[in-house]
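# Analysis of the macromolecular model
This is what each chain is made of:
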Amino acid sequence: MNHEFFMREALTEAKKALEKGEVPIGAVVVLDGEIIGRGHNLRETEDDPTAHAEIVALREAGKNKKGWRLTGATLYVTLEPCPMCAGAMLLSRIHRVVYGADDPKAGAAGSLLNILQFPGFNHEVKITGGVLAEECAELLQEFFKNRRS
């Protein structure tokens, strides 16, 4: 699988969030080399605290697959998942998460904690981090820099 190709697709989603004034985070769900779900942050737009890019992409993937079990799928996201999104990945049986930038304040794929591979759960998600990390981080840094100005 070409991680950079699919991370660029997630970055395209992040830029959609940016255009809406949302924190620029994007995600895509890939199964058998095909994107089955796309999402970007919509928390402000939808007044929904759960409308993270990953959740939006997982919901679309489930609808497209006509089932909640996303066994074998990989989720690409521009920022390391938070605890809520990591939990959703576990519950949806995602096989792997590939993320761009680390999130030392809320990352649940190893930076702050690792929910995805917690030994007590009945499922484990494989983790690949740092794919196009600089591009992903720069988009976020520029957003917050502009917001503070």
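Residues numbered from 1 in each chain as written. Predicted model: local features only at pLDDT ≥ 70, side-chain atom pairs only at ≥ 80, totals over all residues. Heavy atoms only, no water.

### A few points about the pairing of strand β1 (residues 26-31)
- With six of six residues buried, β1 lies mostly within the body of the structure.
- Burial along β1 is two-sided: the face carrying G26, V28 and V30 and the face carrying A27, V29 and L31 are both buried.
- Note: β1 against strand β2 (residues 34-40), six bridges, orientation antiparallel. Opposite V30, over in β2, you have I35 as the bridge partner.
- Hairpin geometry of β1 and β2 is characterised by an intervening segment of two residues between the two adjacent antiparallel strands and by a positive phi of about 55° at D32.
- Sheet analysis places β1 next to strand β3 (residues 74-79), joined by four bridges and oriented antiparallel. If you follow A27 over to β3, its bridge partner there is V77. (Buried < 20%, exposed > 50% of the residue type's maximum accessible area, 1.4 Å probe, protein only. Helix = DSSP H or I, 4+ residues; strand = E, 2+ residues; numbered from the N terminus. Pairing = 2+ DSSP bridges.)

### What about the packing of aromatic side chains?
- Per the counting criterion, the structure on display carries four aromatic pairs.
- Ring geometry for F6 versus Y76: centroids 5.4 Å apart, planes at 35°, classification tilted. With a gap of 70 residues between them, F6 in helix α1 (residues 3-19) and Y76 in strand β3 connect regions that are remote in the sequence. Both residues of the pair, F6 and Y76, belong to the buried class.
- Between F118 and F121, the aromatic rings sit 5.4 Å apart at their centres with planes inclined by 55°, giving tilted as the arrangement.
- For F118, a relative accessible area of 47% translates into the label partly exposed.
- With relative accessibility at 43%, the residue F121 sits in the partly exposed group. (Phe/Tyr/Trp six-rings, centres within 6.5 Å; stacked < 30°, edge-to-face > 60°.)

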